[in-house]
Structures are given as structure tokens and as C-alpha cells.
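Chain and residue survey
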Amino acid sequence: MKKYAYFPGCSLEKMALSYNVSSIASMNKLGVELQELDDWNCCGATAYFHIDELLAYTLCARNLALAEKENLDLVAPCAGCYKNFYFTNAHLKEDPDLADHVNFALEEDDLHFSGNISVRHLMEVFVQDVGFEEIKAKVSRPLKDLKVATYYGCQILRPRKDHEETEQPVFFEDLMSAIGATPVDFPEKVRCCSGALIITNRKAALSMVRNLMMSAIKSGADVIATACPMCQVNLECYQKQVNQEFGIDLSIPVLYFTQLTGLAFGIAPNKLRIGTELVLPTPALSNIRRGSADA
Amino acid sequence: MADKLTFSDEISNLLHASHGNPLKACIQCGTCSGTCPSTPFMDQSPRRLIAMINANMKDEVLASNTHWYCASCFHCTVRCPSEIDIAELMYALKRYSMWKNQYQEDLIGPTFSETFVKTIFNSGRSYEPVLATSYLFSLGVQEFLSEAQTATGLMLKGRLPLLPARIKRLKNFRRMIGRIIPVGGIS
């Protein structure tokens, strides 16, 4: 069984618990074990970098060092955590002086960063490490007729790591096709959900959420699939505020992509915490036949 | 005697950790402004702000809300034909303006960032209810009610934490932070 060090992150403890349980359950079906990192700390989101860069690197490096101790690659389902760990890992590897300074601080917790593991987003584990063939083989309940707007958001794509496609990626659509769903043409799929602006700059944030909702609905989607807890909360929980702000009446369910893979692998909806959304996806999911669902 | 650093040099120096080109490479094409989803809400567009930095218009740059409207989506960064890491520039400006304590008074961003980091110092984890205090009272009545309604909905669905989480080795963690920045009360 393939094994990773798993960093759930603060949001997945409660607000996005459905992402947490559905990630573990889906990966389990694919024969991948996610071993939660012992005593992990917050990745810092975007706020640490507003205050102090060295501190931001140190706090991320503690988690990298914890994963190194287990000799496992680190996987994060939250796009924000993933981005912070990926680039901290890269910068510290390139800059031995920076790594020295960070290691001086890590000594206080008997930890050391050596730079010998890689950082993966959960989506990469699905798409690259497991692969579509194996995923297809595990589908017992294809999500036939479910039209999905694949919302990439920002941080699984940007900043660019190498020379990857950042304007028109298709791996998310391919993953949805692999589980039998129908990805729709969603023009705003790589635009920003507004991130923390929902707290700091409400007006700007609501307009960004509105654009995404309108684009997804116009594309004919039954549901938006996300790979980030911040995107999910901004897109789902603020629909009422968007409607109030712009005098419109729109609504579309927003699920984690792992809830959809879980359904396709035959996992019961309640085990994926489907039903804990503010915009219930029940009507959208009602067409999916039960297939060989297990309990 | 050493030459006095210009504001433009200071900001460029803050960008040492990001691997993009210097701001002087900007050709003023406006791709960043056209890409940024926040541009309509900024008092200076990203393109204009870069020109202002290059012209050493320090007070005007720090008085603008532009960097605090950056959501860190990095769309400008990946599109910039001159390969300037504009999102990193916005981070650098946020740090600089907090360091100089020079920013528009009605902004929530600086308080939010500080509250966030303090929460981490105290527990090693973030905790939504504490973060909420940094912005709740800036909302209008209608917005406040909507926010309370959303929070209640999340609570009923079991999606809001009632108690803050904290890491186990908190003492080590805080001593670790103390080796990076001296913080009062951390021993």
C-alpha cells in the first residue's frame, strides 16, 4: 500500500471536515494510505507572509521536517497549504543559508529540514501518482449525467512550478470523466474565489464569487467541484450575500472533488459528509443510480 | 558616506526571495491590471502602482489600497511578459507598510493578518471564531446579520469549531518562533 504523510490543515478539522473524510475514504479505495502528520502546525495561510517571510518559512518547514522524520512525501488537500509547503521546500533547498537559519529555529523542537521529500497536492496523487486507469477500475457507481464545473482556483496551478499549463489545464476535467461525470466548459475555472478578501474586502470578494457562480450556472453545471476549502466556503457559504448584494437569485451546490470520487467508488453519501452543505446537492445527485454502493 | 536607498530600491530589495525580474523590467503593458479580479476596487491599478514605485512615489504608494486588495491568486505573476512576480511584490508592500505602520486606517487586512499570526503563536493552529473578531465589527448591520446567519447555518451543520485546537508541543513551538523573531511573553 502506498503511503503519504498527510497534512489535513486547520480548515479540514471542522469547516471542511467533509473534504477530510472524503479524501481519506477515496484514497483508501485506491489503496493509498494517508498517515496524519503527528502534531502538525498551521501552514500560515497568506497571513504569515504579510508579517515576516522568515517566520513563514520556519512554520512551514516544521511540517516538512515532521514528514521527513517519517520518510514520507507530504500530501495536502488544501490548495493554500500545498502552495506554502511546495515553495518553502523549493526555496529552502535552493538557499542553504536560509535553510541553516530555519534549522537553527527547528532545533527547539528537535527537528531538522534536509529537503529529501516532495510535496504533493491531493489532486496530483489522484492524477499523477495513481492515474486514470486505476481510478476507472475502482468506479462502481459512475456519476452518469452529472454535469460538473471543475473549479481549479489558484494555488494548485499558480505560481507556476515549472512549465505547466496554467491557462487551460484539463487534468481536473479528465479526472471527472474518469469517474463517469460530464465536465462542462467552465470559462472561469482558473479565476480566483477571492481568498481571504471575503474577510478583508467584502465588496470585491462578493463580485468575484458572483462571476464564478454565474459562469458555472451558465455552463450548465449541476455542481461545482473544488480542490480547496477556502474556495468551497467562499463559493458556497456566501451565495446568500451575493444574491443580496447584486439583487439576483442564484444557487448552485459546491462539493469537494473527493466527495464525487467517493460517490463513484461506491462510498455511502453520509460517509462523505454529503448533506453538511448550506446549499444541498441532493437534487443534483438524485440522478446518480445506486449501482453497487456499499454502506 | 553610502548613498541613500531610494524607495524603489528598498522595495526591490524586499523582493530578493522571489525569483522574478526586478520592477525596472516593467514595460507598462497592463496585463496585470487586465488580469487582476480586484482592479476595479483598487485606487491604483497594479500597472500604475509599479510605475509609481519606479518613480519613487513612496507616500502615494503606501497611501493606496492596492496591495491590500491582492488576494494572492498569482494570475498576474504567471501572465507578466517581463516575468515580474507581481503577487510577491504585493506581499512585500504589505510587509513594508505594516513595518512602517503606514496604511489606510479603514483597512481590515493589517488587523486580520496580525490577529491570525497571534492566534498561531498562542496555539499553533488557526481558529475561525477568534479571526472573526478582526472584522465583524466593521460590517454594516445588514452584513452583520447575514454573517451571523451564515455562521449559525455552519454551526448547525457541525462545521464551526467550538473550542480552539492546539498543538501538543506548544512550548517547543513557541521557543522555535522566539529564535526567529523575539516576541514578548514567549520563553
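Residues numbered from 1 in each chain as written. Chains lettered and ligands numbered in written order. Predicted model: local features only at pLDDT ≥ 70, side-chain atom pairs only at ≥ 80, totals over all residues.

**Some thoughts on unusual backbone geometry**
Residues and elements named next belong to chain A. Along the chain, Arg158 connects to Pro159 via a cis peptide bond; the corresponding omega equals -5°. Within the element layout of this structure, Pro159 appears in the loop between β5 (147–150) and α9 (171–178). Although it is not a glycine, Arg273 adopts a positive phi angle of roughly 55°. Considering the arrangement of structural elements, one finds Arg273 in the loop between α14 (257–264) and α15 (282–285). (Helix = DSSP H or I, 4+ residues; strand = E, 2+ residues; numbered from the N terminus.)

**Considerations on the interface of chain B and chain A**
Facing the 51 residues of chain B at the interface are 52 residues of chain A. Its residues placed into classes, the side of chain B that touches chain A shows 27 nonpolar, 13 polar and 11 charged. (Contact = placed C-beta atoms within 7 Å. Nonpolar A, V, L, I, M, F, W, Y, C, P; charged D, E, K, R; others polar.)

**Side note on the domain arrangement of chain B**
Split by domain assignment, chain B resolves into domain 1 (8–99) and domain 2 (109–166). Just the C-alpha atoms count here: the centres of domain 1 of chain B and domain 2 of chain B sit 29 Å apart. (Domains from an automatic or database assignment.)

**Things to note about the nonpolar core**
Residue and element names in this part refer to chain A. Counting 147 residues, the largest nonpolar core has Leu74, Phe85, Val209, Ile224, Ala225 and Leu260 as its most contacted members. Top contributing element to this core by residue count: helix α4 (residues 53–70), with 10 residues. Not counting chain neighbours up to four residues away, the residues in contact with Leu74 comprise Ala5, Phe7, Leu64, Ala67, Phe85, Ile117 and Val119. (Core = buried A, V, L, I, M, F, W, Y, C linked by C-beta atoms within 7 Å. Buried ≥ 20, exposed ≤ 12 C-beta atoms within 10 Å, placed from the backbone.)

**Things to note about the sheet that holds strand β1 (residues 2–6) of chain A**
All names here are of chain A. Strands sit in the order β2-β1-β3-β4 across an open sheet of four strands; the sheet is parallel. With partners counted over all chains shown, the strands left at the sheet margins are β2 (32–36) and β4 (119–121), one partner each. Adjacent strand axes in the sheet meet at a mean angle of 40°, parallel and antiparallel pairs treated alike. The sheet contact formed by strand β3 (residues 74–76) and β4 spans three bridges and is parallel. Paired with Leu74 across the two strands is Val119, which belongs to β4. Here helix α5 (residues 79–94) sits on the sheet and contacts β3 and β4; the angle it forms with β4, its principal contact strand, is near 155°. (Pairing = 2+ DSSP bridges. Axes fitted to C-alpha atoms, helices over the stretch in contact; angles between N-to-C directions.)

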